[in-house]
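Coordinate analysis (summary)
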Amino acid sequence: VRCAERCRFCANQRFAWARVIDFKHLPPYPSIMRGGCLFVSHGGGPMPLLGDLSHASMVKFLRAHEYRPSAVLLISAHWQTTVPTLTSGARPQLIYDYGGFPPKSYQYTYAASGDPALAKRAAALLQAAGIAARLDESRGWDHGVFVPMMLMFPKADIPIVCLSLLTNADPAKHFELGRALRPLRDEGVLILGSGSSYHNMGGFFGGVANCVIKFRGHPTHWLISTQVANAAEASAAFDAYLTTACAAPAAERRKLLVDWERAPCARACHPPGGEEHLLPLHVVAGAAFDDESGTKLWTEPDFFGRVTMSSWGFSV
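Anyway, here's the lowdown on the structure attached to this text. The structure presented is a predicted model; accordingly, all values stated were derived computationally and were not measured. (Residues numbered from 1 in each chain as written. Predicted model: local features only at pLDDT ≥ 70, side-chain atom pairs only at ≥ 80, totals over all residues. Heavy atoms only, no water.)

**Observations regarding the nonpolar core**
Within the largest apolar cluster, 88 residues are counted, with the highest numbers of intra-cluster contacts made by Leu73, Tyr110, Met149 and Ile160. With sequence-adjacent residues up to four places away left out, Leu73 is seen in contact with Leu86, Ala122, Val161, Leu163, Leu181, Leu184, Val189, Leu190, Ile191 and Leu192. (Core = buried A, V, L, I, M, F, W, Y, C linked by side-chain atoms within 4.5 Å. Buried < 20%, exposed > 50% of the residue type's maximum accessible area, 1.4 Å probe, protein only. Contact = heavy atoms within 4.5 Å.)

Right, dumping it as structure tokens:
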């Protein structure tokens, strides 16, 4: 296939399908292209690495990328702090933050380096935006980091810095984290959110997603509602909302994602206290430029035999 013009995911975000595209037919661009902006669902614990059949299409999607950023700034669902914190160690260790899996899943290694300079640069950008930030030299990489990285960059030759989520789970504040970090993309850094578009354990394993919802019906009163939904129907409805939100113009995109709790079956997909798997998407969407829109890059409508799971990327 001869490319006469730059396409959505190879020239702008450098998602390079090298076996298909003849790059000498692309027009010239600066040596440092804008880094990617991507949210991926990372699956259950180490299961993508263990050959679990329910994760097969996810694994295929993650392995398909031949995109090589200058570095990765990764937001994992499995690290939350009161103040945004960045890993600043040169050689972070792996954290096996799961249980009940085969012995080999506690012996994985991933030799990618950290990037202390990038961590300091990211912290400075956050502080310049009026957001407090800390560095943590001792924090390792949880499975929300090393599982997708082992699949996307198996040679472990791309440096990684991780950014924590906030314990307050405020979607607007997470959106602003991404906005403050936008300039890193112009330095070739991939902003990668690692979570899950659906994360209700009852829905995964029981097929019915039950949750109690608290919402403010009056400035001084909380109202209680119970939401019961078939997991397949709930996940499909919420997935459609996220897809529409990501594809919307910048201002509307922000509003729809910040108000995600108003979406169909939102709390049946991410119960109260379990928003951490969705919030990396807010950081990634915040890092998208105003002229970019979100596209669904991967979806599995039968994940674990019953729910819809997806990943999105943002580009011009």
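Now, onward.
**Thoughts on helix α5 (residues 171-181)**
Along an α-helix, residues three or four positions apart point the same way, because every turn accommodates 3.6 residues. For α5, the tally of buried residues reaches 8 of 11 residues, placing the bulk of the element in the interior. Within α5 the residues assigned to the buried category are Pro171, Ala172, His174, Phe175, Leu177, Gly178, Ala180 and Leu181. Turning to α5, the residues buried within the fold contact β2 (71-81), α3 (116-128), β5 (160-166), β6 (189-195), α8 (250-258) and α10 (279-287). Regarding α5, its N-cap is Asp170, as a side-chain oxygen of that residue lies 2.9 Å from the backbone nitrogen of Ala172 further along. (Helix = DSSP H or I, 4+ residues; strand = E, 2+ residues; numbered from the N terminus. Polar contact = N/O pair within 3.5 Å; in protein donor to acceptor, adjacent residues only side chain to side chain.)

**Remarks on the packing of helix α2 (residues 56-64) against helix α4 (residues 143-152)**
Where α2 contacts α4, the axes come no closer than 7 Å and their chain directions differ by 65°. Contacts between α2 and α4 involve Val59, Leu62 and Arg63 from the first element and Pro148, Leu151 and Met152 from the second. Here the contact of α2 with α4 is composed, by residue class, of 5 nonpolar, no polar and 1 charged. (Axes fitted to C-alpha atoms, helices over the stretch in contact; angles between N-to-C directions. Nonpolar A, V, L, I, M, F, W, Y, C, P; charged D, E, K, R; others polar.)

**Considering the pairing of β6**
Side-chain positions along a regular strand alternate between the two faces of the sheet. Here β6 lies mainly inside the structure; 7 of its 7 residues are buried. Of the two faces of β6, the one holding Val189, Ile191, Gly193 and Gly195 and the one holding Leu190, Leu192 and Ser194 are both buried throughout. As paired elements, strand β1 (residues 37-41) and β6 share 5 bridges and run parallel to each other. Residue pairing for β6: Cys37 is matched across the bridge by Ile191. One ladder, built from 6 bridges, connects β2 with β6; its direction is parallel. Counterpart to Leu74 in the pairing with β6 is Leu192. (Pairing = 2+ DSSP bridges.)

**What to know about the packing of aromatic side chains**
Applying the stated rule across the entire model yields 11 aromatic pairs. Note on Phe61 and Trp298: the rings are 6.2 Å apart at their centroids and 20° apart in plane angle, and the pair reads as stacked. Highlighted residues: Phe61 in helix α2 and Trp298 in strand β9 (residues 293-303), separated in sequence by 237 residues. Of the two residues, Phe61 and Trp298, both sit in the buried class. (Phe/Tyr/Trp six-rings, centres within 6.5 Å; stacked < 30°, edge-to-face > 60°.)

**Re the pattern of salt bridges**
Taken as a whole, this structure holds 14 salt bridges when the rule is applied. Note that Glu176 and Arg179 form a salt bridge whose closest N and O atoms lie 3.7 Å from each other. Here Arg179 and Glu176 lie together in helix α5, a separation of 3 residues that amounts to about one turn. Residue class for Glu176 comes out partly exposed when judged on its relative accessible area of 28%. When salt bridges that share partners are traced, they join Arg34, Arg185, Asp186, Asp291 and Glu292 into one network. (Salt bridge = Lys/Arg side-chain N within 4 Å of Asp/Glu carboxyl O.)

**Quick notes on the pairing of β9**
Here β9 pairs with strand β10 (residues 307-315) via 8 bridges, running antiparallel. For Thr295, the partnering residue across the bridge sits in β10 and is Gly313. Adjacent in sequence and paired antiparallel, β9 and β10 are bridged by 3 residues, among which Phe304 carries a positive phi angle near 55°.

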